[in-house]
Number of protein chains: 2
Amino acid sequence: MLVLSSPSGAGKTTISRALLAEDGNLTMSVSATTRTARPGEVHGRDYFFIERSRFAEMVQGGELLEHARVFDNDYGTPRTPVETALAAGKDVLFDIDWQGTQQMRQNARADLVSIFVLPPSVEELERRLRSRGQDSIEVVQKRMAKAGDEMSHWPEYDYIIVNIDLASSVGAVEAILAAERLKRERQVGLADFVNGLRGEG
Amino acid sequence: MLVLSSPSGAGKTTISRALLAEDGNLTMSVSATTRTARPGEVHGRDYFFIERSRFAEMVQGGELLEHARVFDNDYGTPRTPVETALAAGKDVLFDIDWQGTQQMRQNARADLVSIFVLPPSVEELERRLRSRGQDSIEVVQKRMAKAGDEMSHWPEYDYIIVNIDLASSVGAVEAILAAERLKRERQVGLADFVNGLRGEG
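Residues numbered from 1 in each chain as written. Chains lettered and ligands numbered in written order. Predicted model: local features only at pLDDT ≥ 70, side-chain atom pairs only at ≥ 80, totals over all residues.

Novice: Sorry if this is basic, but what is going on with the overall build of chain A here?
Specialist: Across its full length, chain A holds eight helices and nine strands. For chain A, the C-alpha radius of gyration of 18 Å lies close to 17 Å, the compact-globule estimate for 201 residues. Expressed as lengths along the three principal axes of its C-alpha atoms, the size of chain A is roughly 70 × 40 × 30 Å. Burial analysis of chain A (201 residues in total) assigns 33% to the buried set. (Helix = DSSP H or I, 4+ residues; strand = E, 2+ residues; numbered from the N terminus. Rg over C-alpha atoms; globule rule 2.2 N^0.38 Å. Buried ≥ 20, exposed ≤ 12 C-beta atoms within 10 Å, placed from the backbone.)

Novice: Sorry if this is basic, but what is going on with the interface of chain A and chain B here?
Specialist: For an interface, size is often stated in terms of accessible area lost upon the parts coming together. Across the contact, 27 residues belong to chain A and 27 residues belong to chain B. Going through the elements one at a time, helix H6 (137–151), strand E9 (159–162), helix H7 (166–182) and helix H8 (190–197) of chain A are the ones with two or more residues in the side of chain A that touches chain B. No other element matches H7 of chain A, which puts six residues into the side of chain A that touches chain B. Its residues placed into classes, the side of chain A that touches chain B shows 19 nonpolar, four polar and four charged. (Contact = placed C-beta atoms within 7 Å. Nonpolar A, V, L, I, M, F, W, Y, C, P; charged D, E, K, R; others polar.)

Novice: Help me out: how do you make sense of the relation of the copies chain A and chain B in this one?
Specialist: Superposition of the two copies of the chain requires a rotation about an axis and a shift along the axis. The two copies are related by a screw motion: chain A maps onto chain B through a turn of 180° and a shift of 0.0 Å along the axis, at an RMSD of 0.0 Å. On the angle and the small slide along the axis, the relation comes out as a two-fold axis. Minimal C-alpha distance to the rotation axis in chain A is attained by Ala175 of chain A, lying at 2.2 Å. Most of the interface of chain A is mirrored in chain B, where 100% of its interface residues again form contacts. (Least-squares fit on C-alpha atoms with pLDDT ≥ 70 in both.)

Novice: Please explain the packing of helix H1 (residues 12–22) of chain A against H7 of chain A as it appears in this structure.
Specialist: Residues and elements named next belong to chain A. Where H1 meets H7, the axes come as close as 10 Å, and the angle between the chain directions of the two elements is 60°. With respect to each other, H1 and H7 are oriented oblique. At the point where H1 passes H7, the crossing takes the right-handed sense. The residues of H7 that touch H1, namely those facing Thr14, Ile15, Ala18, Leu19 and Glu22, are Leu166, Ser169, Val170, Val173 and Glu174. Partitioning the contact of H1 with H7 into residue classes produces six nonpolar, two polar and two charged. (Axes fitted to C-alpha atoms, helices over the stretch in contact; angles between N-to-C directions. Parallel < 35°, antiparallel > 145°, perpendicular 65-115°, else oblique. Left-handed = near helix turned anticlockwise from the far one by under 90°.)

Novice: Hey, could you run me through the environment of Asp72 of chain B in this one?
Specialist: Residue and element names in this part refer to chain B. One can find Asp72 in the loop between strand E5 (64–70) and strand E6 (73–78). Taking the number of C-beta atoms within 10 Å as the measure of exposure, Asp72 has 7 and is therefore exposed. The spatial distance from the C-alpha of Asp72 to the C-alpha of Thr34 is 9.1 Å, given a sequence separation of 38 residues.

Novice: Honestly, the sheet that holds strand E8 (residues 113–118) of chain A in this entry has me stumped. Any pointers?
Specialist: By definition, the strands of a sheet pair up through backbone hydrogen bonds, in either a parallel or an antiparallel sense. All names here are of chain A. Reading across the sheet, the five strands line up as E2-E7-E1-E8-E9 and stay open at both edges, with parallel pairing between neighbours. Each having just a single partner strand, strand E2 (26–28) and E9 make up the two edges of the open sheet. Averaged over all neighbouring strand pairs, the angle between strand axes comes to 25°, with direction disregarded. Note: strand E1 (residues 2–5) against strand E7 (residues 91–95), three bridges, orientation parallel. Bridge assignment links Leu4 to a residue of E7, and that residue is Asp95. (Pairing = 2+ DSSP bridges.)

Novice: In this structure, what is going on with the pairing of E6 of chain B? I would like to understand it.
Specialist: Looking along a regular strand, one sees side chains alternate from face to face of the sheet. All names here are of chain B. With two bridges joining them, strand E3 (residues 32–33) and E6 adopt antiparallel strand pairing. For Ala32, the partnering residue across the bridge sits in E6 and is Gly76. Relative to E6, E5 is paired through five bridges, and the arrangement is antiparallel. Counterpart to Val70 in the pairing with E6 is Asn73. With antiparallel pairing between neighbouring strands as the criterion, E5 and E6 make up a hairpin whose turn holds two residues, including Phe71 at a positive phi of roughly 50°.

Novice: Honestly, the sheet that holds strand E4 (residues 48–49) of chain B in this entry has me stumped. Any pointers?
Specialist: Residues and elements named next belong to chain B. Reading across from one edge, E4-E3-E6-E5 is the order of the four strands in this open sheet, with mixed pairing throughout. Among the strands making up the open sheet, the edge pair consists of E4 and E5. Pairing between E3 and E4: two bridges, direction parallel. Looking at the pairing, Ala32 lines up with Phe48 of E4. The sheet strands contacting helix H4 (residues 98–107) are E5 and E6, and the helix crosses E5 at an angle near 160°.

Novice: What should I look at first to understand the confidence of the model for chain A in this one?
Specialist: For chain A, per-residue confidence averages 90 on the pLDDT scale, and 98% of positions sit at 70 or higher. At the level of chain-chain contacts, confidence expressed as ipTM amounts to 0.85, with global pTM at 0.87. (pLDDT = per-residue confidence, 0-100.)

Novice: What is the right way to read the pairing of strand E1 (residues 2–5) of chain B from this model?
Specialist: Residue and element names in this part refer to chain B. Burial of the side chains of E1 extends over both faces: Leu2 and Leu4 are buried on one face and Val3 and Ser5 on the other. Strand direction decides the pairing type here: E1 and strand E8 (residues 113–118), joined by four bridges, are parallel. Each residue of the ladder has a partner; that of Leu4, found in E8, is Ile115.

Novice: I tried to follow helix H4 (residues 98–107) of chain A on my own but got confused; where do I start?
Specialist: Side chains three or four residues apart in an α-helix point the same way, a direct result of the helix having 3.6 residues per turn. All names here are of chain A. Every buried residue of H4 is accounted for by Trp98, Gly100, Thr101 and Met104. Along the long axis of H4, the arc covered by the buried residues comes to 155°, so they all point the same way. Of the surrounding elements, those touching the buried residues of H4 are E1, strand E5 (64–70), strand E6 (73–78), E7, E8 and H6. (Arc of directions from axis to C-beta.)

Novice: How should I be thinking about the environment of Asp74 of chain A in this particular structure?
Specialist: Residues and elements named next belong to chain A. Relative to the elements of secondary structure, Asp74 occurs in strand E6. The buried category is assigned to Asp74, around which 20 C-beta atoms lie within 10 Å. Through-space distance from the C-alpha of Asp74 to that of Gly9 is 20 Å; in sequence the pair is 65 residues apart. Once residues within four sequence positions are removed from consideration, Asp74 is found in contact with Thr33, Thr34, Phe55, His67 and Arg69.

Below, the structure is given as structure tokens:
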């Protein structure tokens, strides 16, 4: 399980999409949310857009690995698709904030690698939020203020990437994934393999 | 500090050379040895070929980060070049065995990332040892026996690479290096950088 967190506008979503296009073993966890879809967003791809009553039901039933309220809307990670993907040997990518990451550490049974994406500068962060053209000035200002809080949680993450350009950042996440897959404790069957090499197989 | 260990013949030396050619920030630790140079080996590049008396002097004076006797010859890692390279911000690559790795963990002040390289099969290991053409059949047999012992130490390493082909293995070490450099605790100045982003710099 790979968690990617950042203040909105740091480029996390763009990085995630590029990763998914390049890495066939990686699948994205699609969050459920009670907010309305933005133009271009697709139900089941960007989010599961659901009613507040259904969201409350999922919380009650333990169907979410983590959930949080942001700007009066609820967001959460459905448990079942994640467990299905992990069981199939896939790596799962999560685009969640620091609160979600903390809950995931507590609620998920699989091991978790966490990456925090920082913008290269305040000016660039604001420019990216404005250039989306999808939020009002008021929402951009709310997001800038929230970004400051979000960024204070970088010490809770395993890896830090300063997103200067997309290609380098995608390469950085790819390297982290490749390295984590090479860690001794993640390579199942190694003991048998080495015993075979040593003529004891 | 990046340690690369493997039974001889698994391809560690070839991987090391390719890495050094590709990664400008990486420098190789050159071992000191009391054995005689093989054809083509260069003093100061492949090894520092020194007298037994000088080697003993270095051991006594604490000038070696690790040392071991293999097949009646002494091998050791001189401390000063390593400390100079690390102080200059370089990463240092060590081509040492499991005994050396254990001593390095105890004696070196800097942090250490360790990788164990395994051959894809016993047959391939033997084929590589024979094709060198530099060792007698007796030495090849001694090395095969020693390979079995060496391989039993894989659980002491952070990462395991099965060396199926050179390009993939070099890519794997590159990914590990890139990922380790992105680890939060290795990125100096991050706290100041984030404070700057949050308007508290």
